[in-house]
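Structural characterization, general
Residues per chain are reported as follows:
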Amino acid sequence: MLKENLKMSWMNVFHNKMRSALTILGIVIGVGSIIALITIVKGVTSDMTGDFASFKADRIIVTTIGTPLKTGLLHQDIQRLSELDNVAGVSPTVPGFTSIAAEGDVKKEVSVIGRNDVYFTKNEDVIEHGRGINPLDIKSENKVGLIGSTIAQEMYYGENPIGKKLLVGGMSFTIIGTLQQSHAFSSSSINETVIVPYTTAMQLLGTSYITAADVYMKDSKEAEKTTLAIEAAVNEEFKDQQEGFVVRNTQDMLSTINRMISTLSLMLGGIASISLIVGGIGIMNMMLVSVTERTAEIGLRKALGAEPKRIQQQFLLEAVFLSLIGGIIGVVTGVLAAFAICSIMATSFLLSPSTVLLALGFSTGIGIIFGYAPARKASKLNPIDALRSV
């Protein structure tokens, strides 16, 4: 009997091509939206957390906002932080923008960042070719620098830029290295950045203050204790004006970001699910119309001895067929849409099997839930009343 019901259900779905196609479209949109949104969000968040994780959990970030009495950190402040317990090193950050030029090619508003040797010691994978900044470069305020992959490609196409000259803010610098290409979607992209010794950057950018510093810990398990010690030291330098600086622990920041990402994924999944529910309502509407149109058929089958549960099974199978077909097409559509958008955004394409199974399971469940009421209505029809409609 099940085999017969399966055959009849499929024939009824196939017989009403236009109506079935429009009903299936709602499921396709719902499932496609879920697949595309979740896949895109996973790709974007994976890139974001990957970039953030590259900061490592052994880092504490000190950012200065400034007060009327103290704009930022000084050399002696950096030295004091490096002498605290559990501190393995401090990397100052002096950011700014200026123009660069090489071989007649000029780029304006290029990011220039001042770093020291600690940064390159703790981030060895940031260098593609050449060397990083060393203590002598810092002490002597050497005019040397490392350039991002985009600058290297655009200004020294087909050449090895190491050893060549680069005008930065009107000053001549020698290129000592190139930086690894970072993800284009990353907010921390260094593809169009020039990194120079922070002492040289202060001279180049005309500043006497350091705007931020990365404090690296010997033992990340002591992060909370070390954070408090850094806050106390910086607070003393800012004369208890805590609004002038911010101290952030990367472990806490990463936990916060992960919570935000989880919440965002749930919200987007919920929004996409609304369209799938709308598709389910479309299935219910079609099945109710189908029951009304086939009242005589139902009455005849019951008069010939068909059990109510068999009638219910047939209509329920039709609803499942509609939702399952829509689910499969929706998965294909969602995967293609996600792949296209991820390619345009230059972000990772991460399709999870669990996402596909969730979408298919949800669409099948929608078919059963919204198909149940029409199927039950069909099974409860009185055969005599149904035959009167013939």
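Predicted model, so just to flag it, every value in this text is computed and none were measured.

1. A few points about the pairing of strand β5 (residues 144-147)
Judged by which residues are buried, β5 turns out to be covered on both faces: Val144 and Leu146 on one side and Gly145 and Ile147 on the other are all buried. Here β5 runs beside strand β7 (residues 171-179); their pairing, made up of 4 bridges, is parallel. Opposite Leu146, over in β7, you have Gly177 as the bridge partner. Sheet analysis places β5 next to strand β8 (residues 193-197), joined by 2 bridges and oriented antiparallel. If you follow Ile147 over to β8, its bridge partner there is Val194.

2. A look at the UniProt feature "transmembrane region" (unreviewed entry) in the protein
Under the feature "transmembrane region" (unreviewed entry), the UniProt entry names residues 21-41, 260-284, 319-350 and 356-375. Annotated as 100% helix and 0% strand, the span residues 21-41 places its first and last C-alpha atoms 29 Å apart. Secondary structure content for residues 319-350 is 84% helix and 0% strand, and the end C-alpha separation is 31 Å.

3. A word on a nonpolar patch on the surface
On the surface, a cluster of nonpolar side chains totalling about 420 Å² of accessible area is made up of Met18, Leu22, Leu25 and Ile29. Structurally, the position occupied by Ile29 is in helix α2 (residues 17-53). For Ile29, a relative accessible area of 45% translates into the label partly exposed.

4. A short note on helix α7 (residues 198-205)
The buried fraction of α7 amounts to 6 of the 8 residues, a majority that puts the element mostly inside the structure. When we look at burial in α7, the residues that qualify are Tyr198, Thr199, Thr200, Ala201, Met202 and Leu204. One or two steps after α7, the chain reaches Gly206, where phi turns positive at roughly 65°.

5. Topic: the nonpolar core
Ile100, Phe120, Ile147, Leu166, Val194, Val215 and Ile230 are the most contacted members of the largest nonpolar core, which totals 52 residues. When near neighbours in sequence (up to four residues on either side) are disregarded, Val194 contacts Ile100, Val110, Ser111, Val112, Ile113, Leu146, Ile147, Ile151 and Leu166. Ile27, Ile35, Met286 and Ala378 belong to the second-largest nonpolar core, a separate cluster that totals 23 residues.

6. With respect to the pairing of strand β2 (residues 87-102)
With 12 of 16 residues buried, β2 lies mostly within the body of the structure. One ladder, built from 6 bridges, connects β2 with strand β9 (residues 212-217); its direction is antiparallel. The residue of β9 that forms the bridge with Thr93 is Ala212. As paired strands, β2 and strand β3 (residues 105-115) are joined by 8 bridges and run antiparallel to one another. The residue of β3 that forms the bridge with Phe97 is Ser111. If you look at the hairpin formed by β2 and β3, you'll find 2 residues sitting between the two strands, and Glu103 has a positive phi there, around 50°.

7. Quick look at the packing of aromatic side chains
The final tally for this structure, using the stated rule, is 3 aromatic pairs. Note on Phe238 and Phe245: the rings are 5.5 Å apart at their centroids and 40° apart in plane angle, and the pair reads as tilted. Assigned by exposure class, Phe238 and Phe245 land together as buried. Relative to Phe349, the ring of Phe339 lies with its centre 5.4 Å away and its plane at 90°, an arrangement referred to as edge-to-face. Of this pair, Phe339 sits in helix α11 (residues 308-345) while Phe349 sits in the loop between α11 and α12 (353-379), and the two are 10 residues apart along the sequence. Here Phe339 falls in the partly exposed class, since its relative accessible area comes to 48%. Its guanidinium or amino end placed over the ring of Tyr119, Arg115 lies 4.2 Å from that ring's centre, counting from NZ or CZ.

What counts and how
- Residues numbered from 1 in each chain as written.
- Predicted model: local features only at pLDDT ≥ 70, side-chain atom pairs only at ≥ 80, totals over all residues.
- Heavy atoms only, no water.
- Buried < 20%, exposed > 50% of the residue type's maximum accessible area, 1.4 Å probe, protein only.
- Helix = DSSP H or I, 4+ residues; strand = E, 2+ residues; numbered from the N terminus.
- Pairing = 2+ DSSP bridges.
- UniProt positions renumbered as here; feature names shortened; annotations may be inferred.
- Patch = residues over 30% accessible without salt bridge, like charges linked within 9 Å, V, L, I, M, F, W, Y side chains within 5 Å.
- Areas by Shrake-Rupley, 256 points an atom, 1.4 Å probe, with all protein chains shown as cover.
- Salt bridge = Lys/Arg side-chain N within 4 Å of Asp/Glu carboxyl O.
- Core = buried A, V, L, I, M, F, W, Y, C linked by side-chain atoms within 4.5 Å.
- Contact = heavy atoms within 4.5 Å.
- Phe/Tyr/Trp six-rings, centres within 6.5 Å; stacked < 30°, edge-to-face > 60°.
- Lys NZ or Arg CZ within 6 Å of the ring centre and 35° of its normal.

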